[in-house]
Amino acid sequence: CPLPHVPALPATMSQAPVAPKMGSLEVENFKPKEWNFGLFQCLAPGCVPCLYTWFCTPCANAQARTDYDQSNCFFNCLCVNPVMMQNIVREGLGIEGTCCNDILTACCCTPCAVGRASSELKLSNRQQQLKQPGQDG
């Protein structure tokens, strides 16, 4: 049985900020950033996203992952749990934290963690759009 072809990573994933490799002069200057949104800032993006996250957490989680890397939303809804999503967003955006914090945050307050990750991704996408001159937004 031949293995299926695995496509290359989308451009957005390959462009995610990561810590420089050891041996680089930039390692000393690399400092992970903090979350822009607090865990309980549910209403920061507005009432509708907050309600969507609280009442349809699996869908909001799947949509956030899809927004991050254009992966299949249906697959994300079935297979990507909030702990994974918390870790993917934190590491992908270069935010300070640990796997233990990701697990505790996503397990103890799932809607808040999903809402924060979603808000963080939207802010990151807006910042990237502002950095790219000549594109209509």
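As shown above, the structure is provided for reference.
The shown structure was predicted, so the numbers you read here are calculated from the model rather than taken from an experiment.

**Q** Honestly, the packing of helix H6 (residues 99–108) against helix H7 (residues 110–131) in this entry has me stumped. Any pointers?
**A** The axes of two packed helices give the description: the angle between them and the distance between them. Here H6 crosses H7 at 115°, and the two axes come no closer than 5 Å. Residues Thr105, Ala106, Cys107 and Cys108 of H6 pack against Thr110, Ala113 and Arg116 of H7. Split into classes, the residues belonging to the contact of H6 with H7 amount to four nonpolar, two polar and one charged.

**Q** Help me understand helix H5 (residues 82–92), please; the structure alone is not making it clear to me.
**A** Counting along an α-helix, one turn takes 3.6 residues, and residues three or four places apart therefore face a common direction. Of all the positions in H5, only Met85, Gln86, Asn87, Val89, Arg90 and Gly92 are classed as buried. Looking at the packing, one finds that the buried side of H5 touches helix H3 (57–69), H6 and H7. By the N-cap criterion, in which a side-chain oxygen at the helix start approaches the backbone nitrogen of a residue two or three places on, H5 is capped by Asn81, the distance to Val83 being 3.0 Å. Phi for Gly94, located one or two positions after H5, is positive at around 70°.

**Q** Could you clarify how one ought to interpret unusual backbone geometry in this entry?
**A** Positive phi values are uncommon outside glycine, yet Gln70 reaches one of about 55°. Of note, Gln70 is situated in the loop between H3 and helix H4 (73–79).

Analysis parameters
- Residues numbered from 1 in each chain as written.
- Predicted model: local features only at pLDDT ≥ 70, side-chain atom pairs only at ≥ 80, totals over all residues.
- Heavy atoms only, no water.
- Axes fitted to C-alpha atoms, helices over the stretch in contact; angles between N-to-C directions.
- Helix = DSSP H or I, 4+ residues; strand = E, 2+ residues; numbered from the N terminus.
- Contact = heavy atoms within 4.5 Å.
- Nonpolar A, V, L, I, M, F, W, Y, C, P; charged D, E, K, R; others polar.
- Buried < 20%, exposed > 50% of the residue type's maximum accessible area, 1.4 Å probe, protein only.
- Polar contact = N/O pair within 3.5 Å; in protein donor to acceptor, adjacent residues only side chain to side chain.

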